[in-house]
Every structure is written in C-alpha cells, then in structure tokens.
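So you can see what is in the structure, the chains are spelled out below.
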Amino acid sequence: MRGRRASTRALTGAGALGLLALTATACSSDSEAARLGMPEPISDQAERMLTLWQGSWIAAFAVGGVVWGLIIWAVLFHRRRSDDLPPQVRYNMPIEILYTAVPFVIIGVLFYFTARDETYVEKTTANPAVTVDVTGFQWSWQFDYREKDASGRERTVASEVGTPVDPNATTGAKPVLTIPVDRTVRIRLHANDVIHSFWVPALLYKKDVMPGYVNEFEFTARKTGTYEGRCAELCGVDHSRMLFQLKVVPQAEYDQYIAAAKARATGGAQ
C-alpha cells in the first residue's frame, strides 16, 4: 500500500514538473520551444498561423494527458488482486456516449479555428500598398513590381530576374524580393513551365506556382530583415538552386529602391 502511494506521489510530482516546464517555455512567444518547431513569424498572417499551431498542440497535449492519466490510474488502482473473476458488464452507456461525443467536440472546435484562420490568411484587399508579380521558371525567380498609373492601368516599374544559385553561394548571388515593412503586400504567382512553390519559412506559408493559373496572397510584414526563400516543389534537376531572399525594409528605403529602378528604366541613372 505504501509503495502504491509513493508511486502515485512520484507520478503526480513528475506531472507537475512537466506542466511547470511547459508553462515556463510558453511564457515568451519568441522562444523556440514555445513555437514548437516553427520559425519565428514576421507577418500578421504568420502570427495567426503560429497561434493555431500552438493551440492544436495544446489540445493534443490535453488529450494525451487525459489518456495517459486514465492508463496510469487503471494500472495503479485496478491491478489483479486475486483469482476471482471481476464483475462482468455488457456496456456503460454514459461512458460510451462520452467517448463518442468528446472526439466530435474536439474536431468541431479545431475545424472552427482552422476555418477562421484560413479565411483570415487567404483574405485579399481591394488596394494593397505593393503588388509584385512573381514568376517561377526553371530554375529561378523573376520579380516584377507593379503600380497603377493615373488611368488606373497597371505597369511594371521595377523588375529583377534571377539566375540559378548554388545552395552554398554567397548572399548577394540570390535574387531579392524587396518590400516595405508595415504595408500590405500582394504576391501574384505565375509559372512559365512546370509547377513550382513559393516558400518563405518566416512567413509560415507556401503557395503553388502553376502554369496557366494565377495564385495570389497578401501579407503584412512587421519585422525588417532579410529572410531566405526557396521553391518547395520538386520541379526538375536544378530545383535546389531556386533560391531567393525576401528583404523587408523601411518605407523610405523601399521608395528609394523603386525610384532608382524607375531611373534606370528611363536611362536617368548611370
């Protein structure tokens, strides 16, 4: 009897320590442990997806804790004590209703939050601050910055065409997609040949780039910096060389970048 109580206290203490450790790691949303393997998000949409990811893990931990708790409880308190056959029952209606209804409730809750966040992430606006046409080709990327003129017609004001990059190449060799911080950016995806996939891990998002179809999405970056991007769809022999960078800069620096590109296009820059 004393051994059983000691075991119970030990398991309870271990559970409390585990819960304390989990709570401590979740105190800071920027900590790697709290992100549960996800990169640090840089946009509003990425923050929403990270929250959904963390919530799903919390639900999984809760279900796992209940299941393991019941298993341990059964092992400790319902061990065989004699050769007598335990009372036999055909069913327990309340328990059967419980373990049938609870999974449906869990699925319903997860479905609701998933649908809500998917709607938010995929939402587009009427007038984004920046629009960039991104074209994937074997085996690099082209970035065309688009603006509307006085008549409302779109035109390309800056363009960068990349070349295949060795995965171990220096930073400057990769094509760079430059965007302003704290502004809504629309990415329109095109493909010239086969299916590619536009992926920036820091956005916690990837989207297929398909021939004959324009995929698009929007995001608002909240952190300046340079972030790695790549093709996430096996598209050919040099798939691994389809590398690029996303550079998030202050608005003034972005304006200077676009102004310099316009000057080069009109021959005003040497």
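As a reminder, the structure under discussion sits directly above these lines.
Let me begin by describing the structure that accompanies this report. (Residues numbered from 1 in each chain as written. Predicted model: local features only at pLDDT ≥ 70, side-chain atom pairs only at ≥ 80, totals over all residues. Heavy atoms only, no water.)

## Here's the deal with the packing of aromatic side chains
Next, step 1: A complete count under the given rule lists 11 aromatic pairs for this structure.
Next, step 2: With 6.0 Å between their ring centres and 75 degrees between their planes, Trp-53 and Trp-57 make a pair best called edge-to-face. Of this pair, Trp-53 and Trp-57 both sit in helix H3 (residues 44-77), 4 residues apart, roughly one helical turn.
Next, step 3: We classify Trp-57 as partly exposed; its relative accessible area is 34%.
Next, step 4: Centroid distance Phe-143 to Phe-244: 5.8 Å. Interplanar angle 65 degrees. Geometry classified as edge-to-face. In this pair, Phe-143 sits in strand S2 (residues 140-148) while Phe-244 sits in strand S10 (residues 243-249), placing the two residues 101 residues apart along the sequence.
Next, step 5: Judged by relative accessible area, Phe-143 falls into the buried class, the value being 0%.
Next, step 6: Taking the relative accessible area as the measure of exposure, Phe-244 reaches 0% and is therefore buried.
Next, step 7: The rings of Trp-141, Phe-143, Phe-198, Tyr-205, Phe-217, Phe-219 and Phe-244 are connected pair by pair, giving a single aromatic cluster.
Next, step 8: Cation over ring: Lys-206 sits above Trp-199, and NZ or CZ is 4.3 Å from the ring centre. (Phe/Tyr/Trp six-rings, centres within 6.5 Å; stacked < 30°, edge-to-face > 60°. Helix = DSSP H or I, 4+ residues; strand = E, 2+ residues; numbered from the N terminus. Buried < 20%, exposed > 50% of the residue type's maximum accessible area, 1.4 Å probe, protein only. Lys NZ or Arg CZ within 6 Å of the ring centre and 35° of its normal.)

## A short note on the sheet that holds strand S8 (residues 215-220)
Next, step 1: Pairing in this open sheet of 5 strands is mixed, and the strands run S3-S2-S1-S5-S8 from one edge to the other. If you trace the sheet from one side to the other, it starts and ends with strand S3 (154-161) and S8, each paired once. Within this sheet the neighbouring strands show an average axis-to-axis angle of 25 degrees, counted without direction.
Next, step 2: Judged from the 7 bridges that link them, strand S1 (residues 130-137) and S2 form a sheet pairing that is antiparallel. Within S2, the position partnered with Thr-135 by the bridge is Gln-142.
Next, step 3: Along the sheet, helix H5 (residues 251-265) makes contact with S1, S2 and S3, crossing S3 at roughly 95 degrees. (Pairing = 2+ DSSP bridges. Axes fitted to C-alpha atoms, helices over the stretch in contact; angles between N-to-C directions. Contact = heavy atoms within 4.5 Å.)

## Description of H3
Next, step 1: Between its first and last C-alpha, H3 extends 49 Å over 34 residues, near the 50 Å set by a 1.5 Å rise per residue.
Next, step 2: Residues of H3 that are buried: Gln-45, Ala-46, Met-49, Leu-50, Gln-54 and Leu-76. (Expected span 1.5 Å × (residues − 1).)

## Quick look at the side chain of Asp-144
Next, step 1: Along the chain, Asp-144 falls in strand S2.
Next, step 2: Among buried charged residues, Asp-144 stands out as having no salt bridge; its nearest opposite-charge side chain is Arg-146, 6.7 Å away.
Next, step 3: Only 3.0 Å separates the side chain of Asp-144 from the side chain of Gln-142, close enough to count as a polar contact.
Next, step 4: A polar atom in the side chain of Asp-144 sits 2.5 Å from the side chain of Ser-159.
Next, step 5: Once residues lying within four places of it in the same chain are set aside, the contact partners of Asp-144 are Thr-131, Val-132, Asp-133, Thr-156, Ala-158 and Ser-159. (Lys, Arg positive; Asp, Glu negative; His and termini not counted. Salt bridge = Lys/Arg side-chain N within 4 Å of Asp/Glu carboxyl O. Polar contact = N/O pair within 3.5 Å; in protein donor to acceptor, adjacent residues only side chain to side chain.)

## Regarding the sheet that holds strand S9 (residues 225-231)
Next, step 1: If you walk across this open sheet you meet the 5 strands as S4-S10-S9-S6-S7, and the pairing is mixed. Strand pairing shows two members of the sheet lacking a second neighbour, strand S4 (176-180) and strand S7 (205-209), which therefore form its edges. Neighbouring strand axes in the sheet, compared pairwise and without regard to direction, differ in orientation by 25 degrees on average.
Next, step 2: Taken together, the 2 bridges between strand S6 (residues 196-200) and S9 define a ladder with antiparallel strand orientation. By the bridge assignment for S9, Trp-199 is matched with Arg-230.
Next, step 3: Along the sheet, H5 contacts S4 and S10; its crossing angle with S4, the most-contacted strand, is approximately 130 degrees.

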